[in-house]
Amino acid sequence: MCLGIPGRIVKIDDASRKLATVDVAGVKRQINIACIVNDAHPIDACVGDWVLVHVGFAMARIDEQQAEETLRILKELGEAQEQLEAMRLSAAG
Amino acid sequence: MKYVDEFRDRGKADALVAEIDKLVSTIDIAARRPIHIMEVCGGHTHSIFRYGVEGMLPKEIQLIHGPGCPVCVLPMGRVDDCIAIAEHANVIFTTFGDAMRVPGSRKSLSQARADGADVRMVYSPMDALTLARNNPDREVVFFGLGFETTMPSTALTVLQAESEGIANFSVFCNHITIVPTIKAILDSPDVHIDGFLGPGHVSMVIGTAPYEFIAQYYRKPLVVAGFEPLDVLQSIWMVLKQIREQRADVENQYARVVQGTGNVAALQAISRVYELRPFFEWRGLGSIDHSGVRIRDEYARFDTERKFAIPNVRIADPKSCQCGEVLKGVIKPWQCKLFGSACTPETPLGALMVSSEGACAAYHQYGGFKKQAGAA
Ligand code: SF4
């Protein structure tokens, strides 16, 4: 739960509640993007962003290359599987 | 070097190790004993073991695996409190999966579930809120756990519950804060640390300023580090360089994610929803002043501690458990008498054996026995 997992924002679901759909290694789920939205980077500008997702919240914007690298390392650490499984279960639940 | 082959860039890793060797040879080690560097974050611990980083370092450097795994520092009594809440007939108790197997004095949450309590694993506090929305006749409790990395997510969920007027949702707030804990370790008389690897994802939220006192008052270098193996090696090199130059500064190796100012929106959510507790109990470390947060009066109706009578039990760790000494780096995991015999990942006695970010589980999984044999 402490290591974030990279994902890409594909769609804004609810601008007022700052909810967006994020694709994390093929798993799509709704996450909260309040922490990466600010005046310099309004919510409409977020689609396409790569972000680090911690327990359902986007906590930092990262670049694409870094996202890929991070995902690869998380897979090796065995972290990615655990988190993706948890996401998948909760998306279904 | 068994794991080093898996480095994404073997050449870079070798070059860094060579640089580290070079630096160490110029430091007057005799005066310094082995150089003790503490990684504060459990993510670093996991990465260090997974990639065999310790084995690559010169023997003059010892890594100390600090208290930065929130699951590992949960006292037994707190697990009992969770179970007492979960056993209320009307409660749905939600938690991150990490906490399920942590032993309480009688059982873990996972055993409580097997015994009929409605305990559910969630990926996010938002999932707990969804459960509350969908089950208006049940009380949904979310076990809020973690350092500043997960603190904003719980806070934002409370704010969301408030804006929707959801009345059957509350948080059993056990969030903890890293800075007072580092201070407690530095003040502990049996501990000797020469420098720190600072937590990457906590710092993403709080920034680098809160660590300044470590450099200024304790004169210890701290380098905020990413969790990838090359990040860890580079950060160790940065700490050593400071030691070599007799500097103590806060430096940021993980600038691609961590900004000096932290994440403003996340910090705002934290300060809106929580206030510091006077003290908080940690497994193995005892009570540490101002090391935990609770929910402010304004959001009292989302505070499990005010909704339910919490037993608030305090249970001493089993006598022969040495989790505290391991957490402070006074002994290595394999020096605990229970390591690998009474305490294993299958039947953990201490929480350090539960999570893959706990030092004991990591040693057990990645060649701790080899070390034990070598040291005997
Ligand atoms: S081996 Fe078990 S009891 Fe001993 S320090 Fe590690 S977790 Fe604690």
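Chains are numbered independently. Their residues run from 1 in the order of the written sequence. Think of it this way: whatever chain is written first is A, whatever ligand is written first is 1, and the rest follow in order. For this predicted model, a pLDDT threshold of at least 70 governs which residues receive local features, and a threshold of 80 or more governs which side-chain atom pairs are given and counted, while totals over whole chains, interfaces and linings are taken from all residues. Side-chain numbers come from the whole structure's heavy atoms, not from hydrogens or water.

### Some points on the interface of chain B and chain A
By the convention used here, residues are in contact when the closest approach between their heavy atoms is within 4.5 Å. Each partner contributes to the interface: chain B provides 40 residues, whereas chain A provides 35 residues. The buried area of a pairing is the accessible area, by a 1.4 Å probe, that goes missing from both parts when the two are put together, added over both. Here chain B and chain A share an interface that buries about 3,100 Å² over both sides, 63% of which is from carbon and sulfur atoms. Interface area lost by chain B to chain A is led by B:Tyr123, B:Met126 and B:Phe227, which between them contribute 24%. One speaks of a salt bridge when a side-chain nitrogen belonging to Lys or Arg is within 4 Å of a carboxyl oxygen belonging to Asp or Glu. Seen at the junction of chain B and chain A, the total is 2 salt bridges. For A:Arg17, the salt bridge goes to B:Glu164, with nearest N and O atoms at 3.2 Å.

### Observations regarding the site of the ligand
Residues and elements named next belong to chain B. One heavy atom suffices: a residue is near a molecule or strand as soon as one of its heavy atoms comes within 4 Å of it. Taken together, Cys321, Gln322, Cys323, Val326, Cys336, Phe339, Cys343, Gly350, Leu352, Met353 and Cys360 make up the full set of residues adjacent to the ligand. Of the grid points, spaced at 1 Å and generated over the protein atoms alone, those admitting a 1.4 Å probe that cannot get out make up cavities, while open sets with protein on both sides within 12 Å along at least five of seven lines make up pockets; any residue with an atom within 4 Å of a point is treated as lining. A pocket or cavity is taken to hold a molecule when more than half of that molecule's atoms are within 2 Å of the pocket's grid points. Judged by the proximity of its atoms to the pocket grid, the ligand belongs to the second largest cavity. Looking at the shell around the ligand residue by residue, the class counts come to 9 nonpolar, 2 polar and no charged. Note that Gly is not counted as nonpolar here; it falls among the polar residues with everything else outside the nonpolar set of Ala, Val, Leu, Ile, Met, Phe, Trp, Tyr, Cys and Pro and the charged set of Asp, Glu, Lys and Arg.

### Comments concerning the layout of surface pockets
Grid points are joined across faces, edges and corners, and a volume is the space filled by probe spheres set on the points. Here the largest pocket defines a volume of roughly 1,200 Å³. Lining the largest pocket are 46 residues, with A:Ala86, B:Gly97, B:Met121, B:Val122 and B:Tyr123 positioned closest to its centre. Runs of H or I in DSSP of at least four residues are treated as helices and runs of E of at least two as strands, each being numbered from the N terminus. Of the residues forming the lining of the largest pocket, the biggest block, 8 residues, is contributed by helix α2 (residues 79-92) of chain A. Classifying every residue of the lining of the largest pocket gives 21 nonpolar, 14 polar and 11 charged. Counting contributing residues per domain, the lining of the largest pocket is built from domain 2 (76-176 + 292-307) and domain 3 (323-369) of chain B, each supplying no fewer than three. Around the second largest pocket, the lining comprises 30 residues; the ones closest to its centre are B:Arg78, B:Phe280, B:Glu281, B:Asn312 and B:Arg314. Elements that contribute at least two residues to the lining of the second largest pocket include exactly α5 (76-86), β6 (169-175), β11 (279-282) and α15 (323-328) of chain B. Per-element accounting of the lining of the second largest pocket gives the leading share, 4 residues, to β11(B). Looking at the lining of the second largest pocket, its residues break down into 14 nonpolar, 6 polar and 10 charged. Residue ranges labeled as domains rest on an automatic or database domain assignment.

### Brief notes about the sheet that holds strand β3 (residues 91-95) of chain B
All names here are of chain B. Here 4 strands make up an open sheet; going across it, the order is β4-β3-β5-β6 and the pairing parallel. The open sheet has two edge strands, β4 (119-121) and β6, and neither has a second partner. Ignoring strand direction, the axes of neighbouring strands in this sheet form an average angle of 25 degrees. In the packing of helix α8 (residues 151-164) onto the sheet, the strands contacted are β5 (139-146) and β6, and the crossing angle to β6 comes to about 160 degrees. Pairing between strands requires that DSSP locate at least two bridges from one strand to the other. Angles here are taken between N-to-C directions and fall from 0 to 180 degrees, while the axes themselves are lines fitted to C-alpha atoms, restricted in helices to the stretch in contact.

### Focus on the nonpolar core
What makes a nonpolar core is a set of buried Ala, Val, Leu, Ile, Met, Phe, Trp, Tyr and Cys residues whose side-chain atoms join them at distances within 4.5 Å. Summary of the burial criterion: residues with accessible area below 20% of their type's maximum are buried, those above 50% are exposed, and those between are partly exposed, where the area comes from a 1.4 Å probe applied to protein chains only. Among the nonpolar cores identified, the biggest contains 170 residues, and A:Ile33, B:Phe93, B:Phe169, B:Tyr211, B:Ile236 and B:Leu240 are the most heavily contacted of them. With 8 residues, helix α12 (residues 229-244) of chain B is the largest single contributor of residues to this core. When near neighbours in sequence (up to four residues on either side) are disregarded, B:Leu240 contacts B:Ile20, B:Leu23, B:Val24, B:Ile27, B:Ile35, B:Ile37 and B:Ile61.

### A few points about the sheet that holds strand β8 (residues 222-224) of chain B
Residues and elements named next belong to chain B. Sheet architecture is open: 5 strands sit in the order β2-β1-β7-β8-β9, paired in parallel fashion. Strands with a single pairing partner mark the edges of an open sheet, and in this sheet they are β2 (61-68) and β9 (250-252). Each adjacent strand pair in this sheet contributes to an overall mean axis angle of 20 degrees, direction not counted. Its contacts with the sheet place helix α9 (residues 178-187) against β1 (35-41), β2 and β7 (195-198), and it is angled at close to 155 degrees to β1.

### Regarding the pattern of salt bridges
All names here are of chain B. Throughout the structure, instances matching the rule amount to 29 salt bridges over all chains. Taking the shortest distance from any N to any O, the salt bridge between Glu162 and Arg301 comes out at 4.0 Å. Here the residue Glu162 occupies a position in helix α8, and Arg301 occupies one in the loop between β13 (293-295) and α14 (304-307), the gap between them amounting to 139 residues. Take Glu162: its relative accessible area is 30%, and that puts it in the partly exposed class.

### Focus on the domain arrangement of chain B
All names here are of chain B. Domain annotation of chain B identifies domain 1 (4-69 + 191-252), domain 2 (76-176 + 292-307) and domain 3 (323-369). Contacts between the two partners involve 5 residues from domain 2, matched on the other side by 6 residues from domain 3. Grouping the constituent residues of the side of domain 2 that touches domain 3 by class yields 3 nonpolar, no polar and 2 charged.

### Remarks on the packing of aromatic side chains
For any pair of aromatic rings, geometry is given as the distance between the ring centres together with the angle between the planes. Residues and elements named next belong to chain B. A pair of Phe, Tyr and Trp rings is counted when the ring centres sit within 6.5 Å of each other, with Trp represented by its six-membered ring. The angle between the planes then sorts it: under 30 degrees is stacked, over 60 is edge-to-face, the rest tilted. Here the structure, examined in full by the defined rule, presents 6 aromatic pairs over all chains. Ring centres 6.0 Å apart and planes at 45 degrees place the aromatic pair Phe147 and Trp282 in the tilted group. Note that Phe147 is positioned in the loop between β5 and α8 and Trp282 in strand β11, a separation of 135 residues in sequence. Overall, Trp282 belongs to the buried group, its relative accessible area being 2%. Site record: aromatic cluster; members linked through ring pairs are Phe93, Phe143 and Phe172. Each ring is checked for a lysine NZ or an arginine CZ that lies within 6 Å of its centre and within 35 degrees of its normal; such an atom marks a charge sitting over the ring. The ring of Tyr51 has Arg50 sitting right over it, with the charged end atom 5.4 Å from the ring centre. Positioned over the ring face of Phe280 is Arg78, at 4.2 Å from the centre of the ring.

### Considerations on empty space enclosed by the protein
Residues and elements named next belong to chain B. With the rule as written, the count across this model stands at 6 cavities of 30 Å³ or more. Within this model, the second largest cavity holds a volume of roughly 80 Å³. In this structure, the second largest cavity is lined by 13 residues; those nearest its centre are Cys323, Cys336, Cys343, Gly350 and Cys360. The class makeup of the residues in the lining of the second largest cavity is 11 nonpolar, 2 polar and no charged.

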